[in-house]
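Report on the structure
For reference, the chains in residue letters:
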Amino acid sequence: MARGDGGGRDGRGEPEWRPVADVDMMTAVVLEQLGANRDQLRTLEPARCAPHLLDGPELL
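Numbering of residues starts from 1 in each chain and follows the order in which that chain's sequence is written. At least 70 in pLDDT is required for a residue's local features to be given in this predicted model, at least 80 for side-chain atom pairs to be given and counted, and no such filter applies to totals for whole chains, interfaces and linings, which use all residues. Note: side-chain values were computed over all heavy atoms of the structure, leaving out hydrogens and water.

Quick word on the overall build of the protein
- A helix here means a DSSP run of H or I that spans at least four residues, while a strand means a run of E at least two residues long, and both kinds are numbered starting from the N terminus. Within the protein one finds two helices and zero strands.
- Within the protein, the fraction of its 60 residues that count as buried is 10%.
- Each accessible area is a Shrake-Rupley result for a 1.4 Å probe, and residues are judged covered by the shown protein chains and nothing else. With the model as given, the accessible surface of the protein reaches about 5,500 Å², and the carbon-plus-sulfur share is 59%. The buried label goes to any residue with under 20% of its type's maximum accessible area, the exposed label to any with over 50%, and the partly exposed label to all in between, with areas taken from a 1.4 Å probe on protein chains only.

Comments concerning a nonpolar patch on the surface
- To count toward a patch, a residue needs a relative accessible area above 30% and no salt bridge. Like charges then connect within 9 Å, nonpolar side chains (Val, Leu, Ile, Met, Phe, Trp, Tyr) within 5 Å. A pair is scored as a salt bridge if a Lys or Arg side-chain nitrogen falls within 4 Å of a carboxyl oxygen belonging to Asp or Glu. Taken together, the side chains of Met 25, Met 26 and Val 29 make up a nonpolar region of the molecular surface, amounting to roughly 250 Å² of accessible area.
- Turning to its location among the elements, Met 25 is positioned in helix α1 (residues 23-44).
- Residue class for Met 25 comes out partly exposed when judged on its relative accessible area of 37%.

What about the pattern of salt bridges?
- Across all of its chains, the model carries four salt bridges by this definition.
- One salt bridge connects Asp 39 with Arg 42, and the closest N-O pair in it is separated by 2.4 Å. With a gap of three residues between them, Asp 39 and Arg 42 both fall in helix α1, about one helical turn apart.
- What makes Arg 42 exposed here is its relative accessible area of 57%.

What about the side chain of Asp 22?
- In this structure, Asp 22 sits in the segment before α1.
- Taking relative accessible area as the criterion, Asp 22 reaches 17% and is therefore assigned buried.
- Engagement of the side chain of Asp 22 in a polar contact is seen with the side chain of Arg 18, the distance being 2.8 Å. By the criterion applied in these results, polar contacts are pairs of N or O atoms within 3.5 Å in which, for protein atoms, one can donate a hydrogen and the other can accept it, and in which residues neighboring in sequence qualify only through two side-chain atoms.

Encoded structure:
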């Protein structure tokens, strides 16, 4: 996964390697974010057919 700086957070462009033991933790993080994204999609879905809904406080 390339980013503008080469993919690393250390400024050298090196990837930040994680041990294989962190797979379960990373999976949990991804699943939590997926759940949050699905909640957001459910919240915004009514505006697909009625974009004017985004003008009011109904979705807040």
